[in-house]
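Analysis of the macromolecular model
So the chains spell out like this:
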Protein chains: 2
Amino acid sequence: MITRLDSNTPDFSAKLDALLAWDSVSDHKVAQIVDEIINEVKARGDAAVVEYTNRFDRRSAESMAEFVVGADTLAAALDAIEPAQREALQEAARRVRAYHEHQRQDSWQYTEADGTVLGQKITPMERVGLYVPGGKASYPSSVLMNAIPAKVAGVDELTMVVPAPDGVLNNMVLAAAKIAGVDRVITIGGAQAVAALAYGTETMTKVDKIVGPGNIFVATAKRAVFGQVAIDMIAGPSEILVLCDGDTDPDWIAMDLFSQAEHDEQAQSILVSPDANFLDEVEASMARLLPTMSRKDIIAESLLGRGALIKVNNMDEAVALSNHIAPEHLEVSVADPEALLPSIRHAGAIFMGRHTPEALGDYCAGPNHVLPTSGTARFSSPLGVYDFQKRSSIIFASPEGASTLAKTAATLARSEDLEAHALSADYRKL
Amino acid sequence: MITRLDSNTPDFSAKLDALLAWDSVSDHKVAQIVDEIINEVKARGDAAVVEYTNRFDRRSAESMAEFVVGADTLAAALDAIEPAQREALQEAARRVRAYHEHQRQDSWQYTEADGTVLGQKITPMERVGLYVPGGKASYPSSVLMNAIPAKVAGVDELTMVVPAPDGVLNNMVLAAAKIAGVDRVITIGGAQAVAALAYGTETMTKVDKIVGPGNIFVATAKRAVFGQVAIDMIAGPSEILVLCDGDTDPDWIAMDLFSQAEHDEQAQSILVSPDANFLDEVEASMARLLPTMSRKDIIAESLLGRGALIKVNNMDEAVALSNHIAPEHLEVSVADPEALLPSIRHAGAIFMGRHTPEALGDYCAGPNHVLPTSGTARFSSPLGVYDFQKRSSIIFASPEGASTLAKTAATLARSEDLEAHALSADYRKL
């Protein structure tokens, strides 16, 4: 069933690259609809948002005010959920916050001998919009992972939009919003919510950045408003790469691969090991465990279409393969993962040792679960506090410093034929 | 000639926003041409790049090898320029490098009571492409500002592309590349160079990120390959906002405004002061100095179309205006700029005091001159070392830690109907 590959076969690279290939679909029809929605919201503000929301989510609101979720509703949701769920959300939030506190960056400056001061000032963004999908894809863990870094960064106002089809909301999502410190919750979604966040309306203030996952309409709308506001990455399907020396319980590894595959049919689970027998054992575990899983159809389709068990010659080769793939999630299920860590260059998150399944990181270990997909870990990072802070350079030249710098600046400005630059520097010569 | 505004007039906000409005032109014809070029380079590699380069730059190469600039040519360029220019480039590079060293981020980790280790590993990108425009817009300072942060970050291979129309190259640009430590220089440009960097060809290895300014074909190509590789921001016209208390020499301020205006007709220079007489004096200085400037036509058109002198009631109002505008360059030409700094929230670079004209920062003070334009300083930062590093989360759960975390993770996973996630966590319970 699942693809088996061996790095010693001559067509290995070609087969692997075919398996990894994934192209984001850009749909012209969707882009057209999204453009129209954005233009309507820009032109007619709240009225357009209310119309689209009533139509797409089967609501019957007369004004935006009816979409605003009051603080009492959030508090009630937190009360309404099971105590075990409440404690789990609170514990996850506490750990995610503690980890992200380490990411906060501070302003710095230094003074040169002639008194000139140079530095970098760090400030949080003022307003951020958090998109949360409605219905089945409405994940409380995603609310925590997106909202907490923004609040740790010091964002003044975090507005969460979440569609409520037929007026139905998920209490776990509202409870997570309450715990994460979201400032405002509005039950709108789709391209109309993205447009309202990006351009503002009578009742919504334009934000500086929009984060959070969504369907193709939301992703297309985010791409369209990129530049007007900042956006987070547009994610591809989720993936896991497990490197195993062959000594982890094969059931554990099978279930780790399942945990990725159960997300959706496009998700990718790959296991790499130098131990061919171990690959057989994991395949046997998968065959035995699959029928017991509630999402077995999704898991089977994902593993069949995009999964692989790969035999390599040794763990060094496994690490090289991992650097080639630049996986979103990398599980290093070996006796001494720290020995391999220095060689690992490209990965969104690295799960070290046999006792660190991806699921711990998805929910509560502390690091973010919003990670670069489809090989973009070569140049992208996990969502973090740094995504909600920005920098301003500081230059404060002393009269002596300015006089010295002016000479260099004027010489270079004249070599670029920029005379006003040169004179503006020259004026500061003592 | 230049627009005069007063914050006390009722239509002030509307007039100001009209002045600030700037829409990037997206040209369908250009997008079509760029798409075709990208597809040709993807399909035919080097052959397509050679053909386009011969056609657009009037070259007659038979292979890519003829476009590669040898190390001896770079060294010869450094020898060939004037000693004063060489010293100025070297001094600027030294200062830019020293400043950017402060931006380097380090990996960190911490160990929890139960032995679980959490952290963040920082690694440089492997390969970066630097686009440098050819002809008149070929600025050596831009080579330093883009290349040095990449090399400070530890990028393995920095490839610079610069078109050489009719085979002509700028010695100052080559000398700057040599000083900045660029690894490879190739004389190709346009969308074909961007495509070759993004997708690779027989002779060019695909890069992880493309940075550097370019014309509309280059900007459109960068947008098109965004996602495949990382790109830096797509810059709008350059702008300066000067806040002055009225006690700086009006000629100095006039020339500072000119230095922005001389870039191009779309550049924006705005002066804000509570002192109406001072605004008159600066206007008089501009009228007197303008005829003496070599780029007087560009300066006049820029100031007439996009410049402004704005009277406000006090310096607090000036700062509030600045935060509204979120300028690329902010000059705080007052007696005690440090008193105002805590209130300044959104700006690309802040030039403090009467002796710090923007020109010093453009060339040699140390901070980067690639800055967020058109109000994007609300959510963007200067180009920096952080743009060439990326992060991987580290999670190494101890058996005890995993057992504790598994309880929380499994509870949340079940609330999201993700059973394999829950079981994968449960397996690690002790």
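Residues numbered from 1 in each chain as written. Chains lettered and ligands numbered in written order. Predicted model: local features only at pLDDT ≥ 70, side-chain atom pairs only at ≥ 80, totals over all residues. Heavy atoms only, no water.

Looking at an unreviewed UniProt entry, one finds chain A named Histidinol dehydrogenase and attributed to Gilvimarinus gilvus. Taken from UniProt, the Pathway (unreviewed entry) comment for chain A reads in full: "Amino-acid biosynthesis; L-histidine biosynthesis; L-histidine from 5-phospho-alpha-D-ribose 1-diphosphate: step 9/9." What the UniProt record of chain A gives under Sequence similarities (unreviewed entry) is the line "Belongs to the histidinol dehydrogenase family." (UniProt positions renumbered as here; feature names shortened; annotations may be inferred.)

Further remarks concern the sheet that holds strand β9 (residues 230-231) of chain B. All names here are of chain B. Read from one edge of the open sheet, 6 strands run β2-β7-β6-β5-β8-β9, paired in mixed fashion. At either end of the open sheet lies a strand with only one pairing partner, and these are β2 (68-69) and β9. In this structure, strand β5 (residues 127-131) lies alongside strand β6 (residues 157-161), joined through 5 bridges in parallel fashion. The partner of Tyr 131 across the bridge, within β6, is Val 161. (Pairing = 2+ DSSP bridges. Helix = DSSP H or I, 4+ residues; strand = E, 2+ residues; numbered from the N terminus.)

A full pass over the atoms with the stated rule returns 44 salt bridges over all chains. Here Asp251(A) and Arg288(A) are joined by a salt bridge, their closest N and O atoms 2.6 Å apart. Note that Asp251(A) is positioned in helix α10 (residues 250-261) and Arg288(A) in helix α11 (residues 276-289), a separation of 37 residues in sequence. On the basis of relative accessible area, Arg288(A) is assigned to the partly exposed category, the value being 48%. Of the charged contacts, one joins Asp166(B) and Arg58(B) as a salt bridge, the two residues approaching to 2.7 Å between their closest N and O atoms. Here Asp166(B), found in the loop between β6 and α7 (171-180), pairs with Arg58(B), found in the loop between α3 (46-57) and β2; they are 108 residues apart in sequence, far enough to count as distant. What you see here is one network of salt bridges that share partners, running through Glu126(A), Arg127(A), Asp208(A) and Arg378(B). (Salt bridge = Lys/Arg side-chain N within 4 Å of Asp/Glu carboxyl O. Buried < 20%, exposed > 50% of the residue type's maximum accessible area, 1.4 Å probe, protein only.)

A common way to express how large an interface is: the accessible area buried when the components associate. Partitioning chain A into domains gives domain 1 (3-23 + 236-365), domain 2 (28-231) and domain 3 (397-426). Centre-to-centre, using C-alpha coordinates, domain 1 of chain A lies 57 Å away from domain 3 of chain A. (Domains from an automatic or database assignment.)

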